Amino acid sequence: MDALGDDKIKMIGVWGMGGVGKTTLVKQVAERAKQGKLFTTEVYIDVSWTRDLEKPQRGISNIQKKIAEMLGLKFTGEDESTRAIELMHGLKKQNILLILDDIWKVIDLEQVGIPCKDDRMACKVVLTSRQHGMLSKDMGTCKDFHVNHLCDEEAWKLFQRTASDFEQEHELRPIATEVFKKCEGLPVAIVTIATALKGEGVAVWRNALQELRMSTPTNIEGVTENVYSCLEWSYKHLKSAEAKSLFLLIGSLGNGDIPLDDLLKYGMGLDLFSKIDSLEHARDRIVSLVRILKSSSLLLDALEDDKYYDRAPSLLFVEEGNGFVKMHDVVRDVAKLIASKHLHQFEVDGVVRSQEWEKSGAEPRNCTGVALNREIVQAYF
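In what follows, the accompanying structure is described. This structure is a prediction, so every number in the text was calculated from the model and none was measured.

A word on the sheet that holds strand S1 (residues 11-15)
Spatially, S2-S3-S4-S1-S5 is the arrangement adopted by the five strands of the open sheet, whose pairing is parallel. Of all strands in the sheet, those bounded by a partner on one side alone are strand S2 (41-46) and strand S5 (143-146). Each strand axis lies, on average, 15° off the axis of its neighbour in the sheet, ignoring direction.

Right, dumping it as structure tokens:
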């Protein structure tokens, strides 16, 4: 909070491994800033889509649009460069807090219209990333904060609170302690596996620990073997085969918030659900499975403010909040790896060359499914 009040610090970085709580932290900071009336407006934008693009500048117009909507600006220009000038003038007149969460590749903020190098700028920019170098070197942040794992005491309290009554079983305590250690103080792993084991007997806990000990190496950047095995076990523990299929489908649909309409469309198209005899029946099945995944902490609620979305949900899901769901980026990474290992599904994020197919471990002739990123389809088909 001190950095937000320092006029010399225009751009702040928050970094740490995936699932450690960066997003939660910056949202809490934004809320405290709002309560303290430090800024006229707080703008939060998820830019996790930057990891999927060879040219992340394609998302500039999207960022411009979201900032303008939050500030009530009306663009007169149609091209990005003209809008950048209009946005820059608008930002110089207002004292705002702008949060760009989960950045993977360099974004030219000046090209967006964010005058981050102007000493006269009143607004603050906060960036989050898994990579420190992305913030301090590539984006040029003025001050960076490292978000570490939870300390043992805080992590244990979270584990106890989530798993609830396991301490009543004397035999269960040492097993639970070993399972807890596998989470490595990472909130997303703690909540996910503790939720899955809540209310289970000694045999289930003991089996879970045995499976966690048999973890295999992963190549997910910023995700350790233990954390991967915790999330994979939670997936395996799902009692519904359809919930597992929907989990893997959501993991393949890219970053950001996912419309329930898309889950219905793709789920039916891929024949993931059995004994469906009407559209209403299919809609109810989607809602039920989504609730299973949310209760298992494998899926999250999306943003409540529908002005962030380019399209409104259909009337089918009008009673389900804003009609969108969200998957934590670490959980999504695990879902994609599970799909590639066990179902031979491969996601295409950019221009794929033969060397990249070989590096991914997926051979085209063995794939049961290939998910094409929307931007790739628009650019090449």
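Description of the packing of aromatic side chains
What describes a pair of aromatic rings is the distance from one ring centre to the other and the angle between the planes of the rings. The full count for this structure, using the stated rule, is five aromatic pairs. Relative to phenylalanine 180, the ring of tryptophan 156 lies with its centre 5.0 Å away and its plane at 80°, an arrangement referred to as edge-to-face. Placement of the pair is tryptophan 156 in helix H6 (residues 152-163) and phenylalanine 180 in helix H7 (residues 172-182), with a sequence separation of 24 residues. The two residues tryptophan 156 and phenylalanine 180 agree in class, both being buried. Here a set of aromatic residues connected by ring pairs shows up, and it is made of Trp156, Phe159, Phe180 and Trp205. Positioned over the ring face of tyrosine 44 is lysine 27, at 4.8 Å from the centre of the ring. Just above the ring of tyrosine 235 sits the side chain of lysine 244; from NZ or CZ to the centre is 5.8 Å.

Focus: the layout of surface pockets
Considered as a void within the structure, the second largest pocket measures approximately 570 Å³ in volume. Taken together, 29 residues make up the lining of the second largest pocket; nearest its centre are Thr23, Thr24, Leu300, His328 and Asp329. Elements with a contribution of two residues or more to the lining of the second largest pocket: helix H1 (22-35), S2, helix H8 (187-197), strand S7 (300-301) and helix H14 (329-342).

Describing the pattern of salt bridges
Between side chains of opposite charge, a pair can form when the charged atoms approach closely. Overall, the coordinates contain 12 salt bridges when judged by the stated rule. Lysine 326 serves as the salt-bridge partner of aspartate 46, at 2.5 Å between the closest nitrogen and oxygen. With aspartate 46 in strand S2 and lysine 326 in strand S8 (residues 324-326), this pair connects stretches of sequence that are 280 residues apart. The class for aspartate 46 is buried, based on a relative accessible area of 15%. Two residues, lysine 294 and aspartate 301, come together in a salt bridge whose shortest N-O distance is 2.5 Å. A relative accessible area of 30% places lysine 294 in the partly exposed class. Among the charged side chains, a salt-bridge network with shared partners connects Asp46, Asp257 and Lys326.

A short note on unusual backbone geometry
Both trends apply: most residues other than glycine have a negative phi, and most peptide bonds are in trans. Of note, the phi angle at lysine 37 is positive, near 55°, even though the residue is not glycine. Following the sequence through the fold, lysine 37 ends up in the loop between H1 and S2. Relative accessible area serves as the criterion here: at 72%, lysine 37 is assigned to the exposed category. Phi at glutamate 184 takes a positive value of approximately 55°, unusual for a residue other than glycine. Within the secondary structure layout, glutamate 184 lies in the loop between H7 and H8.

Cut-offs applied
- Residues numbered from 1 in each chain as written.
- Predicted model: local features only at pLDDT ≥ 70, side-chain atom pairs only at ≥ 80, totals over all residues.
- Heavy atoms only, no water.
- Pairing = 2+ DSSP bridges.
- Helix = DSSP H or I, 4+ residues; strand = E, 2+ residues; numbered from the N terminus.
- Axes fitted to C-alpha atoms, helices over the stretch in contact; angles between N-to-C directions.
- Phe/Tyr/Trp six-rings, centres within 6.5 Å; stacked < 30°, edge-to-face > 60°.
- Buried < 20%, exposed > 50% of the residue type's maximum accessible area, 1.4 Å probe, protein only.
- Lys NZ or Arg CZ within 6 Å of the ring centre and 35° of its normal.
- 1 Å grid on protein atoms, 1.4 Å probe; cavity = no way out; pocket = protein on both sides within 12 Å on 5 of 7 lines; lining within 4 Å.
- Points joined across faces, edges and corners; volume = space filled by probe spheres on them.
- Salt bridge = Lys/Arg side-chain N within 4 Å of Asp/Glu carboxyl O.

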